Amino acid sequence: VAHAPPPSRLAQESKHLGPLEALEKIKEGVEAESFIRLHVVQAVGNERGNYEMRIEPQHVDGEYEAPGRAGGCAGEDGDTKP
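Before going further, it helps to examine the pattern of salt bridges. This model, assessed by the stated rule, comprises 4 salt bridges. Notably, a salt bridge pairs Glu13 with Arg9, separated by 2.8 Å at the nearest N-O pair. Taken together, the residues Glu13 and Arg9, both in helix α1 (residues 9-14) and 4 residues apart, mark about one turn of the helix. Between Arg37 and Glu33 there is a salt bridge whose closest N-O contact spans 2.5 Å. Residue Arg37 and its partner Glu33 are located together in helix α2 (residues 19-39), separated by 4 residues, close to a single helical turn. Taking relative accessible area as the criterion, Glu33 reaches 25% and is therefore assigned partly exposed. In the salt-bridge network here, residues are joined through shared partners; they are Glu47, Arg48 and Glu52.

This part takes up the confidence of the model for the protein chain. When pLDDT drops low, the exact placement of atoms in the prediction is not to be read closely. Across the protein chain, pLDDT averages 76, with 71% of residues at or above 70. Least confident of the elements in the protein chain is helix α3 (residues 57-61), whose mean pLDDT is 69; most confident is α2, at 90. With pLDDT under 50 throughout, residues 70-82 is counted as low confidence; its partners more than four residues away or in other chains account for 22 contacts.

Tracing the sequence through the fold places Leu17 in the loop between α1 and α2. The partly exposed category is assigned to Leu17, whose relative accessible area is 21%. Other than its neighbours up to four places away in sequence, Leu17 contacts Ala22 and Lys25.

Quick notes on the rules
For every chain, the first residue of the written sequence is number 1, and numbering continues from 1 onward in sequence order. Local features are withheld for residues below a pLDDT of 70 in this predicted model, meaning they are given only at 70 or higher, and side-chain atom pairs are given and counted only at 80 or more; totals for whole chains, interfaces and linings count all residues. Each side-chain value is derived from all of the structure's non-hydrogen atoms; neither hydrogens nor water enter the calculation. By definition here, a salt bridge exists when the distance from a side-chain nitrogen of Lys or Arg to a carboxyl oxygen of Asp or Glu is within 4 Å. Helical segments are the DSSP runs of H or I of at least four residues, strand segments are the runs of E of at least two, and each set is numbered from the N terminus. Each residue's exposure class comes from its accessible area (1.4 Å probe, protein chains only) as a fraction of the maximum for that residue type: buried when under 20%, exposed when over 50%, partly exposed otherwise. As a per-residue measure, pLDDT tells how confident the predictor is, with possible values from 0 to 100. Residue contacts are defined here by distance: any two heavy atoms, one from each residue, within 4.5 Å place the two residues in contact.

Structure, rendered in structure tokens:
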């Protein structure tokens, strides 16, 4: 008989949440992920001792399509940017 792995720390800390609270936590996580993808750029040192950034399209146009939903980043009201 196979045994399930023990619940993660996050699962233990979240087990008291109701459905609406859980959805709000998921929404916060998606917003945080979108912010990181838009505003964090990795730089790599080059042979001259300088740093070079790899700029991706979402850094230039400020749009990022979160997995599982259409459009760009959602604003406070949930609407996507034009």
